[in-house]
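# Examining the three-dimensional arrangement
Spelled out from the first residue to the last, the chains are:
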Amino acid sequence: MNHLANQSQAPGGLYAHRPTIHPRTVTGANRRRKNAVNLTILGLLAIVPWLRWDRGHGMPNQAVLFDFAAMRGYFLDLAIWPQEFYFLTAILIIASFGLFLVTALRGRMWCGFACPQTVWTDIFVWIENSIQGDRNARLRLERMPLSFGKAVKKGITHALWLTVSAATALSFVVFFTDAPTALTALTSGTASVTLLGFVLFFTLSTYLLAGWAREQMCFWMCPWPRIQGAMLDHHTVMVEYDRARGETRGQARIGQDMKGRGHCVDCRLCLQVCPTGIDIREGLQMECIGCGLCADACDGVMARFGLPSGLVGWKAQIPKPWFHRPRVLLYAGLMAVVIACMVVAGGRRNMLELNLLHERSPLFVTLADGSTRNDYTVKVINRERRERDLRLSLSGLDGATADQDRIRTTADDVTTFRLGIRVPARSVPGDSAALRVRLTDTETGEWTEAQTFFAGGVAR
Ligand code: SF4
Ligand code: SF4
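Calculation notes
- Residues numbered from 1 in each chain as written.
- Chains lettered and ligands numbered in written order.
- Predicted model: local features only at pLDDT ≥ 70, side-chain atom pairs only at ≥ 80, totals over all residues.
- Heavy atoms only, no water.
- Salt bridge = Lys/Arg side-chain N within 4 Å of Asp/Glu carboxyl O.
- Helix = DSSP H or I, 4+ residues; strand = E, 2+ residues; numbered from the N terminus.
- Near = heavy atom within 4 Å.
- Nonpolar A, V, L, I, M, F, W, Y, C, P; charged D, E, K, R; others polar.
- Buried < 20%, exposed > 50% of the residue type's maximum accessible area, 1.4 Å probe, protein only.
- Pairing = 2+ DSSP bridges.
- Expected span 1.5 Å × (residues − 1).
- UniProt positions renumbered as here; feature names shortened; annotations may be inferred.
- Phe/Tyr/Trp six-rings, centres within 6.5 Å; stacked < 30°, edge-to-face > 60°.
- Lys NZ or Arg CZ within 6 Å of the ring centre and 35° of its normal.
- Core = buried A, V, L, I, M, F, W, Y, C linked by side-chain atoms within 4.5 Å.
- Axes fitted to C-alpha atoms, helices over the stretch in contact; angles between N-to-C directions.
- Lys, Arg positive; Asp, Glu negative; His and termini not counted.
- Arc of directions from axis to C-beta.

Where an unreviewed UniProt entry is consulted, the protein appears under the name Cytochrome c oxidase accessory protein CcoG, with the organism given as Magnetospirillum aberrantis SpK.

What follows is the structure in structure tokens.
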């Protein structure tokens, strides 16, 4: 494997004996883009769970909350119920097609810039670099026998990794519970075992995946590198080495006449900055996450030699406008269809729903005056964040009367009650008859209706 080229031998690996990759720091356009994405993701994770949103009395006031206990997902004013899980499914489908689209256009840009594994590994390497120095210093430290200085540097690095991991875990967990309450519980020592367990689990996961597993996660555990090949073609813009221009490579001095030879000066900087330790000059490789840092490194080298940039850079083998590429149009089209379906479903969303379940045992009761009674379990789903007064009415069966005609529902909740319906003697044509139950909001006039059956024995 070519990534073995960029190595210092680790004393032992978590997954397999492997070289530790110590990427060199680099500056450039791709590095700046990565910094911007890292800061955006960290900022969102740190800020979003603490945003408040007034939903009225008795309702959670966290702007974004996945409340498993109440079985609700809250996004600002939108409350998603378990019956509306298709919204989350649609969001996942849109995200998947979005990923396909980005991959078809720009290769593994997701992996190189926005995947949490990449973002956190980048942050952990930055911490390591700040404490232990750049690549060469880290390689020297790695080879040194254990000393007080080495132990201090390593200890501080791991302590900072654990601090970032714990902060990440807390920021993630509070998307699922009230953030200020969880923080108070954790700092006052009153946190539940469940909360502590999840914070500990995500702390250790972050620490192990970003601190120790790093690129091994991309090589061996993530399925995406294996799948993404299906979205790439000759028109996809990816980080590539311009072989025609770079070869025949060879070392050179600044100021040397570069005519008649390849522009690659074989400085190996592109390899040294690579977070996965590969040599981009060997062509497209599964280990390449498309971060573009090798392009930044090479552009710096080209500038020093007075040569044009782009020996390593973003390019397509056969450039083609995106709107002439069927696969791009297909992914964009499918995304648009799912978004349109979501908008339509959101617009037709029922804020009041009625479900009726006929009691089976007994199916009906014949009363002393010859009339027939059926019982139902009624569930009223009120998605409004206010209590409602509802008027109950029946239709479809002459003379049918219910034992209650006014129902009070609680806010943002399911109200369940038992309903008895009675029909005079000989009013049911046959074994059973259709019956409609309607609930009307006495304040707004909004109504919902459900059809059921009425079983009658006396008419036979
Ligand atoms: S950084 Fe550029 S010049 Fe240096 S080895 Fe890589 S491709 Fe060649
Ligand atoms: S080869 Fe270049 S683009 Fe690919 S992972 Fe390494 S540095 Fe990033």
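Turning our eyes to something else, we now look at the pattern of salt bridges. Inspection of every chain in the model, using the stated rule, returns 30 salt bridges. We note a salt bridge from D233 to R327, for which the minimum N-O separation is 3.0 Å. Here R327 lies in helix α14 (residues 326-347) and D233 lies in the loop between α10 (224-227) and β6 (238-241), a separation of 94 residues in the sequence. Residues D441 and R386 are paired through a salt bridge, measuring 2.9 Å at the closest nitrogen-oxygen approach. A residue pair is termed long-range when its members are at least 10 positions apart, and D441 in strand β15 (residues 432-441) and R386 in the loop between β10 (372-382) and β11 (388-395) qualify at 55 residues.

Taken together, V239, C274, P275, T276, I278, I280, C288, I289, G290, C291, G292 and C294 are the residues near ligand 2. Looking at side-chain class alone, the shell around ligand 2 contains nine nonpolar, three polar and no charged residues.

Inspection of the region around ligand 1 gives Y241, C264, V265, D266, C267, R268, C270, R281, C298, M302 and V312 as its neighbouring residues. The residue makeup of the shell around ligand 1, split by class, is eight nonpolar, no polar and three charged.

Of all 11 residues in β10, eight are buried; the element is thus mostly enclosed. As paired elements, strand β8 (residues 352-358) and β10 share seven bridges and run antiparallel to each other. When the bridges of β10 are listed, L356 appears paired with V378. Alignment of strand β9 (residues 365-366) against β10, held across two bridges, turns out to be antiparallel. Directly across from T366, in β10, lies its bridge partner T372. Turn length for the β9-β10 hairpin, with the two strands adjacent in sequence and antiparallel, is five residues, and the turn residue G370 shows positive phi of about 90°. Note: β10 against strand β14 (residues 413-423), 11 bridges, orientation antiparallel. Across the sheet, N382 pairs through a bridge with D413, a residue of β14.

Every α-helical turn comprises 3.6 residues, leaving residues that sit three or four positions apart pointing alike. Between its first and last C-alpha atoms helix α4 (residues 116-132) spans 24 Å; for 17 residues at 1.5 Å apiece the expected length is 24 Å, and the two agree. For α4, a buried count of 13 out of 17 residues is recorded, marking the element as mostly surrounded by other parts of the structure. Immediately beyond the C-terminal end of α4, within one or two residues, lies G133, with a positive phi of roughly 95°.

Turning our eyes to something else, we now look at the UniProt feature "transmembrane region" (unreviewed entry) in the protein. Taking the numbering used here, the UniProt-annotated feature "transmembrane region" (unreviewed entry) corresponds to residues 36-53, 85-105, 159-177, 189-210 and 328-347. Taken end to end, residues 159-177 comprises 79% helix and 0% strand; its first and last C-alpha atoms sit 27 Å apart.

Moving on: the packing of aromatic side chains. Ring pairs (aromatic) are described by centroid distance and by the angle formed between their planes. Counted by the stated rule, this structure contains 16 aromatic pairs. For the pair F66 and F75, a centre-to-centre distance of 5.5 Å together with 80° between the ring planes defines the contact as edge-to-face. On the accessibility criterion, F66 (24% relative accessible area) is partly exposed. Judged by its relative accessible area of 25%, F75 is partly exposed. With 6.4 Å between their ring centres and 90° between their planes, F219 and W220 make a pair best called edge-to-face. Taking relative accessible area as the criterion, W220 reaches 55% and is therefore assigned exposed. Taken together, F66, F68, F75, F172, F176, F198, F201 and F202 form an aromatic cluster joined through their ring pairs. Over the ring of W81 we find R383; its NZ or CZ atom is 5.3 Å from the centre of that ring.

This part is about the nonpolar core. Considering soluble globular proteins, one finds that nonpolar side chains tend to be buried as a cluster. If you look at the biggest cluster of nonpolar residues, it comprises 40 residues, and the most contacted ones within it are I280, C294, V301, M302, F305, L311 and V312. Looking at this core, the elements that each hand over two or more residues are α2 (85-106), α9 (215-221), β6, α12 (269-273), α13 (293-304) and α14. With seven residues, α13 is the largest single contributor of residues to this core.

Quick look at the sheet that holds strand β4 (residues 72-75) now. Across the sheet, three strands lie side by side as β3-β4-β5; this open sheet has antiparallel pairing. The open sheet terminates on both sides in strands that have one partner only, identified here as β3 (64-67) and β5 (78-80). Sheet twist, expressed as the mean angle between neighbouring strand axes with direction ignored, is 10°. Two strands pair when backbone bridges link them, and β3 and β4 are joined in this way by four bridges, in the antiparallel orientation. What sits directly across from V64, in β4, is F75.

Next up on the list: the environment of S192. Along the chain, the position of S192 falls in the loop between α7 (179-188) and α8 (193-213). Residues S192 and W110, spaced 82 residues apart in sequence, show a C-alpha to C-alpha distance of 36 Å.

In this structure, R108 sits in the loop between α2 and α3 (109-114). E287 is the oppositely charged side chain nearest to the buried, salt-bridge-free R108, at an N-O distance of 7.3 Å.

Attention shifts here to the sheet that holds strand β13 (residues 406-409). One open sheet holds the four strands; their spatial order is β13-β11-β15-β16, and the pairing between them is antiparallel. Whereas interior strands pair on both sides, the edge strands pair on one side only; in this sheet they are β13 and β16 (447-455). Between one strand axis and the next, the sheet turns by 30° as a mean value, whatever way the strands run. As paired elements, β11 and β15 share six bridges and run antiparallel to each other. By the bridge assignment, L394 is partnered in β15 with V437.

Quick look at helix α5 (residues 135-143) now. Listed in full, the buried residues belonging to α5 are R135, R138, L139, L141 and E142. The arc enclosing the buried residues of α5, seen along the axis, measures out at 160°, which places them on a common side. Structural note: α5 exposes R140 and R143 on the side pointing more than 90 degrees away from its buried face.

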